[in-house]
Amino acid sequence: MYILLLGPPGVGKGTQAKILMKKYNIPQIATGDILRAEVASGSQLGQQVKAIMARGELVSDDIMLQIIEKRLRQPDAQRGFILDGFPRTIPQAQALDRLLAKMNNVILKVIEISAPDEEIIKRITNRRVCERCGKVYNLITNPPPADGRCEVCGGRIIQRPDDTEETVRHRIAVYREKTYPLVAYYRQKGHFHQVNGAQSIEKVAEEIDQIIQKNGALPVQGTSRAQSA
Ligand code: ADP
Ligand code: ADP
Ligand code: ZN
């Protein structure tokens with residue numbers, strides 16, 4: 001099963017991706033998480049992207065394509081994945097199409113999650129994350145433990161540097177300009193679905209599940225069947 005969750009910052013892509021990951025046992029590929037790990041490690045790439053991310057700008061297509069190509073080659077991505085935060089530009093989507101064509105022409109199910117600006121600004125400015133394991137909390141809907149330590153790993157709970165209201169507004173503008181055109185791109189390619197993200201986490205998950213069940217988002221069978229025969 002190959003799924004792409006498309007939508008503005010803070011709409012709940014990561015939250016839904018994690019639910020799908022557990023349910024279908026396929027990895028969540030979140031390019032924001034990959035980049036944050038590079039920043040935390042202090043790698044050359046991390047140093048290169050840190051300021052860009054903090055400003056809420058997009059990292060170059062060139063860098064993103066190298067990252068995604070490497071990630072999609074990993075063994076755990078061969079039976080399916082949930083893309084979260086990639087692609088974010090038309091050139092990235094075109095490059096992804098070329099990669100998928102090489103991967104036995106798998107069918108990518110695109111699910112757009114949307115919500116009004118004020119709702120996603122509220123969600124994002126109240127988002128808190130574990131510095132160590134990345135677990136996502138929300139001051140209103142899913143508050144972290146009172147001692148400020150992650151319930152999973154005991155790590156420190158922090159606010160992402162790009163989750164301030166000013167930066168979020170800029171990220172939304174960047175989304176409109178650079179990423180929103182992907183809606184038209186995928187709509188005309190087919191396998192495109194929309195979900196109202198301004199509902200409870202459970203309700204959004206239920207609607208996503210209905211889309212997957214109804215449309216049987218399964219990989220195209222081909223060489224894998226021939227190999228097992
Ligand atoms: P959110 O899900 O809250 O929108 P992400 O964690 O997906 O945020 O991304 C954080 C930042 O990482 C982005 O604002 C951008 O700077 C960078 N980034 C992540 N994915 C991409 C991508 N596909 N192309 C360019 N930049 C990206
Ligand atoms: P994205 O990956 O799209 O940036 P997240 O999944 O990190 O978004 O969600 C942003 C914030 O909103 C988090 O604090 C999360 O706990 C919260 N959240 C996610 N989905 C919902 C929802 N349906 N209703 C209320 N809060 C939500
Ligand atoms: Zn943690």
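K.L.:
Run through the overall build of the chain, naming residues and quoting values.
P.N.:
Scanning the chain from N- to C-terminus turns up 10 helices and eight strands. What you see for the chain is a C-alpha radius of gyration of 18 Å, in line with the 17 Å of a compact globule of 229 residues. Seen through its principal axes, the chain has C-alpha atoms that stretch 55 × 40 × 35 Å. Each of the 229 residues in the chain was classed as buried or not, and the buried ones make up 43%.

K.L.:
Can you break down the coordination of the zinc ion (ligand 3) residue by residue, with the values?
P.N.:
With distances of 2.2 to 2.4 Å, the protein atoms coordinating the zinc ion (ligand 3) are Cys130 (SG), Cys133 (SG), Cys150 (SG) and Cys153 (SG). Viewed at the metal, the four donor atoms of the zinc ion (ligand 3) are separated by angles of 94 to 118°, and the geometry they form is tetrahedral. Counting along the primary sequence, the residues that act as donors to the zinc ion (ligand 3) give the motif C-x2-C-x16-C-x2-C. Here cysteine 153 falls in the partly exposed class, since its relative accessible area comes to 24%.

K.L.:
An account of the environment of cysteine 153 is needed here, citing residue identities and associated values.
P.N.:
Mapped onto the elements, cysteine 153 comes out in the loop between strand 6 (136-138) and strand 7 (157-158). A sequence separation of 119 residues divides cysteine 153 from isoleucine 34, and the C-alpha atoms of the two residues are 19 Å apart. Sequence-distant contacts of cysteine 153, defined by excluding residues within four places in its chain, comprise Cys130, Arg132 and Cys133.

K.L.:
Please set out the pattern of salt bridges residue by residue, giving values where relevant.
P.N.:
Inspection of every chain in the model, using the stated rule, returns 17 salt bridges. Residues aspartate 163 and arginine 171 are paired through a salt bridge, measuring 2.9 Å at the closest nitrogen-oxygen approach. Here aspartate 163 matches arginine 171 in class, with each residue buried. Taken together, the shared-partner salt bridges connect Arg127, Arg160, Asp162, Asp163 and Arg171 into one network.

K.L.:
Tell me what's going on with the sheet that holds strand 4 (residues 108-114), and back it up with residues and numbers.
P.N.:
Strand order in the open sheet formed by five strands is 2-3-1-4-8, and the pairing between neighbours is parallel. The sheet is open, and its two borders are formed by strand 2 (28-30) and strand 8 (192-196), each paired with just one other strand. Geometrically, the sheet is characterised by an average inter-axis angle of 20° between neighbouring strands, direction not taken into account. Sheet topology places strand 1 (residues 2-6) next to strand 4; five bridges connect them, and they run parallel. Bridge assignment links leucine 6 to a residue of strand 4, and that residue is glutamate 112.

K.L.:
Tell me about the site of ligand 2, residues and numbers included.
P.N.:
Surrounding ligand 2, one finds 17 residues, the nearest of these being Lys13, Thr15, Arg127, Tyr137 and Gln199. The separation between an oxygen atom of ligand 2 and a polar side-chain atom of threonine 15 is 2.6 Å. Within the backbone of tyrosine 137, a nitrogen or oxygen atom sits 2.8 Å from an oxygen atom of ligand 2. Considering ligand 2 on its own, with 570 Å² of exposed area, one finds that the protein chains cover 92% of that surface. Contributions of two or more residues to the shell around ligand 2 are made by helix 1 (13-24) and strand 6. Among the residues making up the shell around ligand 2, the classes are represented as six nonpolar, eight polar and three charged.

Basis of the calculations
Residue indices follow the written sequence of each chain, beginning from 1 at its first position. Ligands are numbered from 1 and chains lettered from A, in the order in which they are written. Given that this is a predicted model, residues contribute local features only at a pLDDT of at least 70 and side-chain atom pairs are listed and counted only at 80 or more, while totals for whole chains, interfaces and linings are drawn from all residues. Each side-chain value is worked out from all heavy atoms of the structure, with water and hydrogens disregarded. Put simply, DSSP H or I for four residues or longer makes a helix, DSSP E for two residues or longer makes a strand, and each gets a number counted from the N terminus. Two things to know: the radius of gyration comes from C-alpha atoms, and the globule rule equals 2.2 Å times the number of residues to the power 0.38. Think of it in three bands: with a 1.4 Å probe and only protein chains considered, a residue is buried below 20% of the maximum accessible area for its type, exposed above 50%, and partly exposed in between. Counted as coordinating are nitrogen, oxygen and sulfur atoms within 2.8 Å of the metal, or 3.2 Å for Na, K and Ca, while water is not included, which may make sites look incomplete. Between 85 and 135 degrees for all angles marks four donors as tetrahedral; over 155 degrees for opposite donors together with 65 to 115 for all other angles marks four donors as square planar and six as octahedral; every other arrangement is irregular. By the convention used here, residues are in contact when the closest approach between their heavy atoms is within 4.5 Å. Salt bridges are defined as contacts in which a side-chain nitrogen from Lys or Arg sits within 4 Å of a carboxyl oxygen from Asp or Glu. Two strands pair if DSSP finds at least two bridges between them. Every angle, taken between N-to-C directions, lies between 0 and 180 degrees, and every axis is a line fitted to C-alpha atoms, over only the stretch in contact when it is a helix. To be near a molecule or strand, a residue needs just one of its heavy atoms within 4 Å of it. Polar contact is defined as a pair of N or O atoms within 3.5 Å, subject to the rule that within protein one atom must be able to donate a hydrogen and the other to accept it, and that residues adjacent in sequence are counted only when both atoms are side-chain atoms. Residue burial considers only the protein chains on display, and all accessible areas are found by Shrake-Rupley using a 1.4 Å probe. The residue classification treats Ala, Val, Leu, Ile, Met, Phe, Trp, Tyr, Cys and Pro as nonpolar and Asp, Glu, Lys and Arg as charged. All others, Gly included, are polar.

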